Amino acid sequence: MIPGHLMPLVLALISGILMAVQGTFNAALSKVIGLLEATFVVHITGTLLLLLVLFLLKMGKGNLLSLPQAPWYAYLGGIVGVFIIYLVAASIPTVGVANATTAIIVGQVLTALLIDHFGGFGMEKMAFGFNDLAGLVLLTIGAKLLLS
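Just so we're clear, the structure is a prediction, and the values are computed from it rather than from any experiment.

Overview of the packing of aromatic side chains
1) Next: The full count for this structure, using the stated rule, is two aromatic pairs.
2) Next: Relative to Tyr73, the ring of Trp72 has its centre 5.7 Å away and its plane inclined at 85 degrees; by these criteria the two rings are edge-to-face.
3) Next: Given the relative accessible area of 26%, Tyr73 is considered partly exposed.
4) Next: Taken together, Trp72, Tyr73 and Phe121 form an aromatic cluster joined through their ring pairs.

Spelled out as structure tokens, the structure:
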């Protein structure tokens with residue numbers, strides 16, 4: 001049994017695993033049908049799944065009618081997702097899954113630290129401390145070793 005306080009980290013770990021697998025699937029699809037076409041198919045299949053889950057299985061617990069209350073930048077996630085899928089699918093065939101994923105993780109952590117530190121996009125501010133700096137340096141060293 002996983003302790004409750006660790007569950008969010010386990011979920012994030014599973015998400016990371018799925019990102020590497022998804023990037024591989026998307027790269028394989030893009031080799032056959034093209035990058036933009038694969039990005040389109042990925043979003044269409046994801047949309048179909050969500051239509052099933054939200055409207056047929058009624059698994060949603062939120063309220064779509066509250067959509068206008070979201071800040072303007074919250075609507076950009078889908079647009080950013082298109083770029084993510086395209087860029088991951090473009091990079092994996094050239095540099096490999098491990099190297100692409102390493103670069104992705106370094107970019108994610110650096111950006112996440114900045115968002116946390118400045119409280120970007122409505123997030124609560126979390127000060128950037130020595131441990132964060134040390135972790136970023138070690139992550140960068142690890143990335144360099146993986147990319148060598």
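Notes on helix α1 (residues 7-33)
1) Next: Its 27 residues give α1 an end-to-end C-alpha distance of 38 Å, which sits within 8% of 39 Å, the value for a rise of 1.5 Å per residue.
2) Next: Gly23, Asn26, Ala27 and Ser30 are the residues of α1 that are buried.
3) Next: Where the residues of α1 are buried, they touch α2 (35-56) and α3 (77-95).
4) Next: Within two residues after α1, Gly34 carries a phi angle of roughly 105 degrees, on the positive side.

So, the layout of surface pockets
1) Next: Estimates place the volume of the largest pocket at around 940 Å³.
2) Next: In this structure, the largest pocket is lined by 27 residues; those nearest its centre are Met19, Val80, Ile84, Ile104 and Gln108.
3) Next: Broken down by secondary-structure element, the contributors of at least two residues to the lining of the largest pocket are α1, α3 and α4 (97-118).
4) Next: Residues belonging to the lining of the largest pocket are distributed by class as follows: 18 nonpolar, nine polar and no charged.
5) Next: Put simply, the second largest pocket is a space of about 210 Å³.
6) Next: Contributing to the lining of the second largest pocket are Val42, His43, Gly46, Thr47, Leu49, Leu50 and Ile85.
7) Next: With six residues, the single largest contributor to the lining of the second largest pocket is α2.
8) Next: Class assignment for the residues of the lining of the second largest pocket results in four nonpolar, three polar and no charged.

Section: α2
1) Next: The end-to-end C-alpha separation of α2 is 31 Å, in line with the 32 Å expected for 22 residues at 1.5 Å each.
2) Next: For α2, the full list of buried residues reads Ala38, Thr39 and Val42. Each buried residue of α2 lies within a common arc of 105 degrees when the element is viewed along its axis, so the set occupies one face. Among the exposed residues of α2, those pointing more than 90 degrees away from its buried face are Leu36, Phe40, Leu48 and Leu56.
3) Next: Residues of α2 that are buried sit in contact with α1 and α3.
4) Next: Taken from the residues just after α2, Lys58 is the one with a positive phi, measuring 50 degrees.

Let's talk about the confidence of the model for the chain
1) Next: Overall, the predicted model of the chain reaches an average pLDDT of 93, with 100% of residues at or above 70.
2) Next: When mean pLDDT is taken per element in the chain, α2 scores highest with 96 and helix α5 (residues 130-147) scores lowest with 90.

The rules behind each value
- Residues numbered from 1 in each chain as written.
- Predicted model: local features only at pLDDT ≥ 70, side-chain atom pairs only at ≥ 80, totals over all residues.
- Heavy atoms only, no water.
- Phe/Tyr/Trp six-rings, centres within 6.5 Å; stacked < 30°, edge-to-face > 60°.
- Buried < 20%, exposed > 50% of the residue type's maximum accessible area, 1.4 Å probe, protein only.
- Helix = DSSP H or I, 4+ residues; strand = E, 2+ residues; numbered from the N terminus.
- Expected span 1.5 Å × (residues − 1).
- Contact = heavy atoms within 4.5 Å.
- 1 Å grid on protein atoms, 1.4 Å probe; cavity = no way out; pocket = protein on both sides within 12 Å on 5 of 7 lines; lining within 4 Å.
- Points joined across faces, edges and corners; volume = space filled by probe spheres on them.
- Nonpolar A, V, L, I, M, F, W, Y, C, P; charged D, E, K, R; others polar.
- Arc of directions from axis to C-beta.
- pLDDT = per-residue confidence, 0-100.

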